[in-house]
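What follows is the residue order along each chain.
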Amino acid sequence: MFFMEFFRQHNKCQHNHITPDMECGYCPDCGEFVQNEWYIVRCSCCGVKRKAMLRNGEVVAQEGFCHNCGGKEVIVEKLPAINFIDIQFAVLVKRVLKSEVVTNFTQCWEEKTLNIPKLLPLFR
Ligand SMILES: [Zn+2]
Ligand SMILES: [Zn+2]
């Protein structure tokens, strides 16, 4: 919910100068610090990757149902880095980081580390 509100507030500038090959940087058009984040969507039933898209600032699957098992529920995963296999499935979110968020980067990193054990079963 927080993320969706965050996105709506900053949807005026598309940050077109922050290109997908960059990790992050200050947008020359609006001066915000923008971080490129890549997300993929997996079927929560069988775990196959499904093509992701953005709808109202939320990462969702492009098709309504899994092509492999017909499942509807999906899991959204943030990628640590984009690669040429995932790029056909992934969606790019240009996230504006407020200065407080940048300062708290260490804390964000710890949260990410804590999430890893939860994600591991997906790769079995
Ligand atoms: Zn901008
Ligand atoms: Zn499936």
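Residues numbered from 1 in each chain as written. Chains lettered and ligands numbered in written order. Predicted model: local features only at pLDDT ≥ 70, side-chain atom pairs only at ≥ 80, totals over all residues.

(A) Examining the overall build of the protein more closely. Helix and strand content of the protein: 3 helices and 7 strands. Listing the helices and strands of the protein from first to last along the sequence gives α-β-β-β-β-β-β-β-α-α. Relative to its full complement of 124 residues, the protein shows a buried share of 12%. (Helix = DSSP H or I, 4+ residues; strand = E, 2+ residues; numbered from the N terminus. Buried ≥ 20, exposed ≤ 12 C-beta atoms within 10 Å, placed from the backbone.)

(B) Molecular detail of unusual backbone geometry. Residues other than glycine seldom take positive phi values, yet His15 does so here, at roughly 50 degrees. One can find His15 in the loop between helix 1 (2-9) and strand 1 (24-26). Here the phi dihedral of Asn56 falls at roughly 50 degrees; this positive angle occurs in a residue that is not glycine. Tracing the chain through its elements places Asn56 in the loop between strand 4 (52-55) and strand 5 (58-61). Of the residues examined, Asn56 has 9 C-beta atoms within 10 Å and is grouped as exposed.

(C) The nonpolar core, seen in detail. Judged by nonpolar contacts, Trp38, Ile40, Val41, Cys43, Ala52, Val59, Ala61, Cys66, Val74 and Ala90 together constitute the single largest core of 10 residues. Breaking this core down by element, the ones donating at least two residues are strand 2 (33-43) and strand 5. Here the element with the most residues in this core is strand 2; it accounts for 4 residues. (Core = buried A, V, L, I, M, F, W, Y, C linked by C-beta atoms within 7 Å.)

(D) Just the confidence of the model for the protein, in detail. The pLDDT averaged across the protein works out to 81; a share of 70% of its residues lies at or above 70. Confidence drops under a pLDDT of 50 for residues 104-120, and excluding neighbours within four residues, the segment shows 1 contact in the predicted structure. (pLDDT = per-residue confidence, 0-100. Contact = placed C-beta atoms within 7 Å.)

(E) Spotlight on the pairing of strand 2. With 3 bridges connecting them, strand 1 and strand 2 associate as antiparallel partners. In the sheet register, Cys24 faces strand 2, and the bridge partner there is Gln35. The hairpin formed by strand 1 and strand 2 contains 6 residues between the paired strands, and Gly31 there has a positive phi angle of roughly 80 degrees. Both strand 2 and strand 7 (residues 91-97) contribute to a ladder of 7 bridges, which runs antiparallel. Looking at strand 7, one finds that Phe33 is bridged to Leu97. Looking at chain direction, strand 2 and strand 6 (residues 74-79) are connected through 6 bridges and run antiparallel. Each residue of the ladder has a partner; that of Trp38, found in strand 6, is Leu79. Across 2 bridges, strand 2 lies against strand 3 (residues 49-50) in antiparallel orientation. Along strand 3, the bridge assignment pairs Arg42 with Lys49. Taking the residues between adjacent antiparallel strands as the criterion, strand 2 and strand 3 are bridged by 5 residues, where Gly47 takes a positive phi near 85 degrees. (Pairing = 2+ DSSP bridges.)

(F) Spotlight on the environment of Lys12. Mapped onto the elements of the fold, Lys12 is located in the loop between helix 1 and strand 1. A sequence separation of 18 residues divides Lys12 from Cys30, and the C-alpha atoms of the two residues are 9.4 Å apart.

(G) Just the environment of Lys98, in detail. Looking at the element boundaries, Lys98 is found in the loop between strand 7 and helix 2 (99-103). The sequence separation of Lys98 and Glu32 amounts to 66 residues, and the corresponding C-alpha distance is 7.6 Å.

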